[in-house]
Amino acid sequence: MSDNEMLHGGDDDLSLPRATVQKIIQEMLPNEMICAKDTVTLIIDCCVEFIHLISSQANDICEKESRKTIAPEHILAALKELGFDSYVQEVESVLKEHKVQQKEREKKSNKLNKSEFTEEELLRQQEALFAASRARFQGRTQ
C-alpha cells in the first residue's frame, strides 16, 4: 500500500464531488483568483476528515444517551464538545431553514395525496388543459 493510500485510505473511501467543491471554492474567491488542483484535493480531504470527526463525536453522544439515530442536536453537541462553538449558530440557522423547506415540500406532497382525484384523473385533466391551451395558441397564430 502506498503512502498516499495509507493517508487517504483505499480507492473505496467516500469523498465529496470535486466539481461541487470547486464551485463552492470559486464562489468564495475573487474573480481574478484561481485555486490549484492539489489545493482542491486538500480541501476535499479536510472536509471529509471534518465530517468523520463530527459524526464520530455525535455517535459517541448518541451511545451515551442510548440512542440509535444521530439527530441534529447530537451534531450541535458534537460541535460544542470539539471546540467548534463558533459554528453552532450558523448550523442552527441552516437547520431551521432546512426544516421550513421540508414542511413546504410536505405541504406540496400532501396536496396531491389529499386530492379527490386519482393520479390518472389528474393526468387526464392536465392533458385536457394542455390541449385547450394549444388550441387557443394555434387560434391566435392563424
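For the structure given in this document, a descriptive report is provided here. (Residues numbered from 1 in each chain as written. Predicted model: local features only at pLDDT ≥ 70, side-chain atom pairs only at ≥ 80, totals over all residues. Heavy atoms only, no water.)

## Remarks on the overall build of the protein chain
Counting its regular elements, the protein chain contains six helices and zero strands. Out of the 142 residues belonging to the protein chain, those deemed buried represent 12%. When contacts within the protein chain are restricted to residue pairs at least 6 apart in sequence, those whose partners lie at least 24 apart make up 31%. Element-wise, carbon and sulfur atoms account for 54% of the exposed surface of the protein chain, whose accessible area totals about 12,300 Å². (Helix = DSSP H or I, 4+ residues; strand = E, 2+ residues; numbered from the N terminus. Buried < 20%, exposed > 50% of the residue type's maximum accessible area, 1.4 Å probe, protein only. Contact = heavy atoms within 4.5 Å. Areas by Shrake-Rupley, 256 points an atom, 1.4 Å probe, with all protein chains shown as cover.)

## A short note on the packing of aromatic side chains
The final tally for this structure, using the stated rule, is three aromatic pairs. Geometrically, the ring pair formed by F50 and F84 is edge-to-face, given 5.1 Å between the ring centres and 85 degrees between the ring planes. Of the two residues, F50 is situated in helix α3 (residues 37-64) and F84 in the loop between α4 (72-81) and α5 (85-113); the sequence distance between them amounts to 34 residues. F50 gets classed as partly exposed once you look at its relative accessible area, which sits at 31%. Assessed through its relative accessible area of 21%, F84 is described here as partly exposed. Seen in terms of ring centroids, F50 and Y87 are 6.4 Å apart; in terms of plane orientation they differ by 50 degrees. Their pairing is tilted. You can see F50 sitting in helix α3 and its partner Y87 sitting in helix α5, a full 37 residues away along the chain. Since its relative accessible area comes to 45%, Y87 is described here as partly exposed. Taken together, F50, F84 and Y87 form an aromatic cluster joined through their ring pairs. (Phe/Tyr/Trp six-rings, centres within 6.5 Å; stacked < 30°, edge-to-face > 60°.)

## Some details on the packing of helix α2 (residues 18-28) against α3
Interhelical geometry of α2 versus α3 gives an angle of 105 degrees and a closest axis separation of 10 Å. The orientation of α2 relative to α3 falls into the category roughly perpendicular. For the pair formed by α2 and α3, the contact residues are R18, V21, Q22 and I25 on the first element and K37, V40, T41, I43 and I44 on the second. (Axes fitted to C-alpha atoms, helices over the stretch in contact; angles between N-to-C directions. Parallel < 35°, antiparallel > 145°, perpendicular 65-115°, else oblique.)

## So, the packing of α3 against α4
Interhelical geometry of α3 versus α4 gives an angle of 110 degrees and a closest axis separation of 8 Å. By the angle class used here, α3 and α4 are roughly perpendicular. Between α3 and α4, the contacting residues are F50, I54, Q57, A58, I61 and C62 on the first element and H74, I75, A77, A78, L79 and E81 on the second. Of the residues in the contact of α3 with α4, the class split is nine nonpolar, two polar and one charged. (Nonpolar A, V, L, I, M, F, W, Y, C, P; charged D, E, K, R; others polar.)

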